[in-house]
Amino acid sequence: AASARNLGLDNASGEYVAFLDSDDYVLPNAYQMLYEMAVSQDLDIIQSELRSVNGEGLLLGHSDYVSASAIDEDAVYSGREVLLHNWFFTTDQTFFIRRDFLNEHNLRFIPGIYHEDTELIPKWVYYAQRMRCIRDVLYHRLSVAPGHQFPAAAVRAAEPPVPACIFCIRVP
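Residues numbered from 1 in each chain as written. Predicted model: local features only at pLDDT ≥ 70, side-chain atom pairs only at ≥ 80, totals over all residues. Heavy atoms only, no water.

Considering the overall build of the chain
Phase 1: Per the secondary structure count, the chain includes six helices and seven strands.
Phase 2: Here the analysis covers contacts within the chain between residues at least 6 apart in sequence; of these, 76% occur between residues at least 24 apart.
Phase 3: With the model as given, the accessible surface of the chain reaches about 9000 Å², and the carbon-plus-sulfur share is 54%. (Helix = DSSP H or I, 4+ residues; strand = E, 2+ residues; numbered from the N terminus. Contact = heavy atoms within 4.5 Å. Areas by Shrake-Rupley, 256 points an atom, 1.4 Å probe, with all protein chains shown as cover.)

Overview of the pattern of salt bridges
Phase 1: The full count for this structure, using the stated rule, is eight salt bridges.
Phase 2: Here E116 makes a salt bridge to R5, at a shortest N to O gap of 3.0 Å. In this pair, E116 is assigned in helix α5 (residues 116–127) and R5 in helix α1 (residues 2–11), connecting sequence segments 111 residues apart. Accessibility classification places E116 together with R5 in one group, the buried group. (Salt bridge = Lys/Arg side-chain N within 4 Å of Asp/Glu carboxyl O. Buried < 20%, exposed > 50% of the residue type's maximum accessible area, 1.4 Å probe, protein only.)

A word on empty space enclosed by the protein
A water-sized probe, rolled over the atoms, reveals where empty space remains.
Phase 1: If you walk through the whole model with that rule in mind, you get one cavity of 30 Å³ or more.
Phase 2: Each pocket or cavity is described by its volume, and for the largest cavity that value is around 70 Å³.
Phase 3: Lining the largest cavity are A18, V26, A30, Y31, L34, S48, Q93, T94, F95, F96, L138 and Y139.
Phase 4: The set of elements that each furnish at least two residues to the lining of the largest cavity consists of α2 (30–40), β5 (95–98) and β6 (131–142).
Phase 5: Residue contributions to the lining of the largest cavity peak at three residues, all from α2.
Phase 6: Looking at the lining of the largest cavity, its residues break down into nine nonpolar, three polar and no charged. (1 Å grid on protein atoms, 1.4 Å probe; cavity = no way out; pocket = protein on both sides within 12 Å on 5 of 7 lines; lining within 4 Å. Points joined across faces, edges and corners; volume = space filled by probe spheres on them. Nonpolar A, V, L, I, M, F, W, Y, C, P; charged D, E, K, R; others polar.)

Notes on α2
Because each turn of an α-helix spans 3.6 residues, side chains separated by three or four positions in sequence point in the same direction.
Phase 1: When α2 is considered as a whole, its buried residues turn out to be A30, Y31, L34, Y35, M37 and A38. Looking straight down α2, one finds that the buried residues subtend no more than 165° of arc, so they occupy a single side. (Arc of directions from axis to C-beta.)

Points about the pairing of β5
Phase 1: Of the two faces of β5, the one holding F95 and I97 and the one holding F96 and R98 are both buried throughout.
Phase 2: The pairing of strand β1 (residues 16–18) with β5 spans three bridges and is classified as antiparallel. Looking across to β5, one finds that V17 is bridged to I97.
Phase 3: Looking at chain direction, strand β3 (residues 45–53) and β5 are connected through three bridges and run antiparallel. For Q47, the partnering residue across the bridge sits in β5 and is F95. (Pairing = 2+ DSSP bridges.)

Concerning the pairing of β6
Looking along a regular strand, one sees the side chains alternate between the two faces of the sheet.
Phase 1: With ten of twelve residues buried, β6 lies mostly within the body of the structure.
Phase 2: Both strand β2 (residues 25–26) and β6 contribute to a ladder of two bridges, which runs antiparallel. If you follow V26 over to β6, its bridge partner there is Y139.
Phase 3: Bridging between β3 and β6 involves eight bridges; their strand directions are parallel. When the bridges of β6 are listed, Q47 appears paired with C133.

A word on a nonpolar patch on the surface
Phase 1: Nonpolar side chains collect at one region of the surface, where L83, Y126 and Y127 lie side by side and expose about 240 Å² of accessible area between them.
Phase 2: As for its position among the elements, L83 is in helix α3 (residues 79–84). (Patch = residues over 30% accessible without salt bridge, like charges linked within 9 Å, V, L, I, M, F, W, Y side chains within 5 Å.)

Re unusual backbone geometry
Comment: phi is negative for the bulk of residues other than glycine, and the bulk of peptide bonds are trans.
Phase 1: Phi is positive for D42, close to 50°, though the residue is something other than glycine.
Phase 2: Phi is positive for H115, close to 60°, though the residue is something other than glycine.
Phase 3: On the basis of relative accessible area, H115 is assigned to the partly exposed category, the value being 43%.

Rendered as structure tokens:
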């Protein structure tokens, strides 16, 4: 997924980027809401919550990372302030990021490692000058159990096969 995400970032033309796995989904208008918030507050990053759901859409788990933290979801923080709150970061899919910010700091995924977002997310946060963490659950991850994704063999067997991808948007 790292190489696909980096290729998407290198070819993106939108002002902000978000990462969406092929078997997951976001709520309607989620990216429009995030874009309007990001532009109006000149944000580098917004992080939201996620839910894990099964194939029927039934809730398996909720991230609760923003809700369980001491972070005020209405405040704008520097990334370093967020790090000082002992913030726990989930997955790259919960981030909405200004593309120029990623390019300015040359922040890319390392190909060939497992959980490549775990290595990169703290760097995103560290360099962010303006960041918000919101409690809205916008991202829904398809899982077989809380915290577990489908095995790669099951994904490869899906019809039709869908490659890993990056979702880059440009909202008018």
